[in-house]
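Chain by chain, the residues run as shown.
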Amino acid sequence: MSTPADVRIVDTADVADTATIGAGSSVWHLAQVREGAVLGENCVIGRGAYIGTGVTLGDNCKVQNYALVYEPAELGHGVFIGPAVVLTNDTYPRAVNPDGSLKSASDWQPVGVSIREGASIGARAVCVAPVTIGRWATVAAGSVVTRDVADFALVAGVPAKRLGWVGRAGVRLVDDGEAWVCPQTGDRYIERDGALTEEESA
């Protein structure tokens, strides 16, 4: 296992020898980080969280207590995974094959959830693979995501639907008639054809 000197892994955590943990990262009590997983710098893996085999996290990610991040999930930089979130990996889950035999790893093909830079997944939300959560998007707590989520989208519900837009600060944007504006930062965003982009500075 690659562990820089400033990595903190508590005694009760289970981190595979082949996992890579970036500088400044912390893995807390009862968390499990599986074989081949790669954590970027300054990541925080909360109590009882699970990071599956080969899962990749960018820098500055937070995976809160008891979240389950199943392989082959990919998380960009600055992703927030709330408590008890589940990122699934099986489109047609079954414990057994049609003949009643126990399924093995060779009997199904894992599919993953991709979460882009800065996105946040609220507590107890479920992302049903395969889906992609766009940059700086927010998935509300308790939602079930079954379709891709656009950059900067705010989605909620079962199944999750877009309720509005959020900016980099995570605050819901306000329509001023010309652009979508963040009430916290003043940043402006332009909507075209159902997609939101940051307004370019003059």
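Residues numbered from 1 in each chain as written. Predicted model: local features only at pLDDT ≥ 70, side-chain atom pairs only at ≥ 80, totals over all residues. Heavy atoms only, no water.

Undergrad: Before we go on, may I ask you to explain the sheet that holds strand 15 (residues 113–115) in this structure?
TA: Adjacent strands of a sheet form backbone hydrogen bonds with each other and so pair up, either parallel or antiparallel. One open sheet accounts for 6 strands, arranged 3-6-9-12-15-18; its pairing is parallel. Edge positions in the sheet fall to strand 3 (20–21) and strand 18 (131–133), since each has one partner strand and no second. Relative to strand 18, strand 15 runs parallel, the two being bridged by 3 bridges. Of the residues in strand 18, the one forming a bridge with valine 113 is valine 131. (Pairing = 2+ DSSP bridges. Helix = DSSP H or I, 4+ residues; strand = E, 2+ residues; numbered from the N terminus.)

Undergrad: Hey, could you run me through the environment of alanine 5 in this one?
TA: Here alanine 5 is to be found in the segment before strand 1 (8–9). Alanine 5 gets classed as exposed once you look at its relative accessible area, which sits at 86%. Sequence separation between alanine 5 and alanine 23 is 18 residues; the distance between their C-alpha atoms is 7.5 Å. (Buried < 20%, exposed > 50% of the residue type's maximum accessible area, 1.4 Å probe, protein only.)

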